[in-house]
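Summary of structural features
Now for the letters of each chain:
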Number of protein chains: 2
Amino acid sequence: MSADDSTAEAPRKMMAARLRAANLRATRQRVGLAELIFGSSHRHMTAEQLYSEARSEGLNVSQATVYNTLHSFLEAGFLREIVVDPRRSYFDTNTAPHHHFYYEDENRLEDISPSAVRLEQLPSPPAGTRISDVDVVIRVSKR
Amino acid sequence: MSADDSTAEAPRKMMAARLRAANLRATRQRVGLAELIFGSSHRHMTAEQLYSEARSEGLNVSQATVYNTLHSFLEAGFLREIVVDPRRSYFDTNTAPHHHFYYEDENRLEDISPSAVRLEQLPSPPAGTRISDVDVVIRVSKR
DNA sequence: ATTAATGCAAAATCTTTGCACTTTC
DNA sequence: GAAAGTGCAAAGATTTTGCATTAAT
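The text that follows walks through the structure, step by step, so that each part is easy to find. (Residues numbered from 1 in each chain as written. Chains lettered and ligands numbered in written order. Predicted model: local features only at pLDDT ≥ 70, side-chain atom pairs only at ≥ 80, totals over all residues. Heavy atoms only, no water.)

Before going further, it helps to spend a moment on the relation of the copies chain B and chain A. Superposition record for chain B on chain A: RMSD 0.1 Å, screw rotation 180°, translation along axis 0.0 Å. As the rotation angle and translation indicate, the two copies are arranged about a two-fold axis. Comparing interface residues between copies, 100% of those in chain B also lie at the interface in chain A; the contact surface is shared. (Least-squares fit on C-alpha atoms with pLDDT ≥ 70 in both. Contact = heavy atoms within 4.5 Å.)

Now the structure itself:
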């Protein structure tokens, strides 16, 4: 269990405080989901995965609440959305700049540290626009 | 109209020949869609866009056929799928290695020439896997 | 003639919405 | 007790599927 950031361990009280700091009421569902999401180290998940986990932990939430919560957390900057599959969204607890391996055979993401990819040169954004994100996805499959 | 590749202009006969070379029967629908897709210069499109275009050109196709055709063309290597939006798939007629701007405000893709991005260093693929693709997407939005 | 492709409508997914009910502050 | 959040079921959107019909070779 890492000691390098304030979301590790995630005792109920601390999660609640973090939620309130983001103007999110500390409801039972949100605190429960937050513990699942941020309870251990960084992770990637889909809405469906989170929903199943919650249910199997005995946390009583609806799908709508899972989606609402994920979106609230996105807005609050607690999560980042990763687009690798047109069928579903992935959410990443690591909001710092970094890149991804996507295991096509397993529908699974894995972080790549930003230092493992050197992007030496980027085009400047078209006039009137600003860069909001640079995503590098390395798709891998079984050899 | 570019003269630099065999798909430019795309007279019906030539499209039909290209289809047959890929073991695809030259049906009226496929030839019609191929003309829309490859008729001018390189482009990006969603299934829905292609379907609307076909209908407004008077080409009688169903949605299922549009999807079937896009997938056949993907398999044949005529198209490449670009994942930037979890809601829908984009298809790119440019199958050569290159990268993309994604205009978040307009849901629109634009090619970035491969020379405009210098990827100096890539991590090696995890054991037992091979890299099937490296996608770089620069998301831009109105300033 | 054989076999592939098409079209339609129905189903499957994933996600969002509307609204009454509940909970938090 | 006011306002925000939740749950449910229904609706949306995109994509896939099943199967009878049509068209290409």
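From this point on, the discussion continues.
When the parts of a complex come together, some accessible area is lost, and that lost area is often taken as the interface size. Facing the 42 residues of chain B at the interface are 42 residues of chain A. By the criterion of area lost to chain A, the three top residues of chain B are Pro86(B), Gln121(B) and Arg139(B), representing 17% of everything that side buries. Joining chain B to chain A, the criterion identifies 2 salt bridges. Counting across the interface, chain B meets chain A through 18 residue pairs in polar contact (both at pLDDT 80 or more). For the side of chain B that touches chain A, the secondary-structure elements that each account for two or more residues are β2 (80–85), β3 (88–92), β4 (99–103), β5 (108–112), β6 (118–121) and β7 (129–142) of chain B. In terms of residue class, the side of chain B that touches chain A is built from 20 nonpolar, 8 polar and 14 charged. Here 13 bridges tie strand β7 (residues 129–142) of chain A to β7(B), and the two strands are oriented antiparallel to one another. Paired with Asp133(A) across the bridge in β7(B) is Arg139(B). (Buried area = accessible area lost by both parts, 1.4 Å probe. Salt bridge = Lys/Arg side-chain N within 4 Å of Asp/Glu carboxyl O. Polar contact = N/O pair within 3.5 Å; in protein donor to acceptor, adjacent residues only side chain to side chain. Helix = DSSP H or I, 4+ residues; strand = E, 2+ residues; numbered from the N terminus. Nonpolar A, V, L, I, M, F, W, Y, C, P; charged D, E, K, R; others polar. Pairing = 2+ DSSP bridges.)

Looking now at helix α1 (residues 12–21) of chain A. Residue and element names in this part refer to chain A. Inspection of α1 places Met 15, Ala 16 and Leu 19 among the buried residues, and these make up the whole buried set. One side of α1 carries all its buried residues, which in axial view fall inside an arc of 100°. Every exposed residue of α1 that faces more than 90 degrees away from the buried side is listed here: Lys 13 and Ala 21. In this structure, the buried side of α1 is in contact with α2 (28–38) and α4 (63–75). Directly beyond the C-terminal end of α1, a positive phi value near 65° is found at Asn 23. (Buried < 20%, exposed > 50% of the residue type's maximum accessible area, 1.4 Å probe, protein only. Arc of directions from axis to C-beta.)

Bringing the pattern of salt bridges into the picture now. Evaluation of the coordinates by the stated rule reveals 18 salt bridges over all chains. In this structure, Asp85(B) and Arg88(B) form a salt bridge, with 3.5 Å as the shortest nitrogen-oxygen distance. For Asp85(B), a relative accessible area of 4% corresponds to the buried category. Look at the salt bridges and you will find they share partners, linking Arg80(A), Asp133(A), Asp135(A) and Arg139(B) into a network.

Another point: the sheet that holds β4(B). An order of β5(A)-β4(A)-β7(A)-β7(B)-β4(B)-β5(B) is seen for the 6 strands of this open sheet, with the pairing classed as mixed. Two strands in the sheet have a free side with no partner beyond their single neighbour: β5 (108–112) of chain A together with β5 of chain B. Taken pair by pair, the neighbouring strands of this sheet meet at an average axis angle of 30°, ignoring direction. Strand direction decides the pairing type here: strand β4 (residues 99–103) of chain A and β5(A), joined by 5 bridges, are antiparallel. Pairing of Phe101(A) across the sheet is with Glu110(A), part of β5(A). (Axes fitted to C-alpha atoms, helices over the stretch in contact; angles between N-to-C directions.)

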